[in-house]
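Spelled out from the first residue to the last, the chains are:
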Amino acid sequence: MKLLALAALFVLSTTIFAQSIREQCENAYYATGYVSLHQYKVTIDWSMISDHAHVQLDNIIYSEGFDVLNEDDSRWPIMTLTLKENGKIDPFDYQLVLEELKQIPSSVGCLYNYN
């Protein structure tokens, strides 16, 4: 019984303190300053993405919510994009869109300042 209670407590604590990518990047920005605020690095392996996911990815990246600051395809089929929120949609919608990007075979993370 104790083991079940501890397991339930662990699951509850991890879901309560789970943060979205946007929240993680904001917290890192305010805590350290080594992260650009509301800018993200997206790495895509085009050989791993289906046609449906490709269309979904294009709709997210080139939507009205983001500005594409940089596209690097020098390591094709792996492409790295730098995205910046442009403030045209609600902050909660940005969280949802970033979570959608995570569902597509891509890597989404904070954009770090290396200066």
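Above this text you will find the structure in question.
Keep in mind that this is a model prediction, so the values were computed, not measured.

What counts, and where the lines are drawn
Residues numbered from 1 in each chain as written. Predicted model: local features only at pLDDT ≥ 70, side-chain atom pairs only at ≥ 80, totals over all residues. Heavy atoms only, no water. Salt bridge = Lys/Arg side-chain N within 4 Å of Asp/Glu carboxyl O. Helix = DSSP H or I, 4+ residues; strand = E, 2+ residues; numbered from the N terminus. Buried < 20%, exposed > 50% of the residue type's maximum accessible area, 1.4 Å probe, protein only. Disulfide = S-S within 2.5 Å.

Re the pattern of salt bridges
Inspection of the entire model under this criterion finds three salt bridges. In this structure, the salt-bridge partner of Glu85 is Arg22, at a minimum N-O distance of 2.8 Å. One end of the pair, Glu85, is in strand β3 (residues 78–85); the other, Arg22, is in helix α2 (residues 21–32), and 63 residues separate them in sequence. An identical accessibility class is assigned to Glu85 and Arg22; each is buried. Here Lys102 ties to Glu99 by a salt bridge, and the two come within 3.6 Å at their closest N and O atoms.

Description of the state of the cysteines
Counted under the stated rule, the structure contains one disulfide. Paired through a disulfide, Cys25 and Cys110 show a sulfur-sulfur distance of 2.0 Å. The disulfide joining Cys25 to Cys110 has a torsion of about -100 degrees about its S-S bond and is therefore left-handed. Placement of the pair is Cys25 in helix α2 and Cys110 in strand β4 (residues 106–112), with a sequence separation of 85 residues. The exposure class of Cys25 is buried, given its relative accessible area of 2%.

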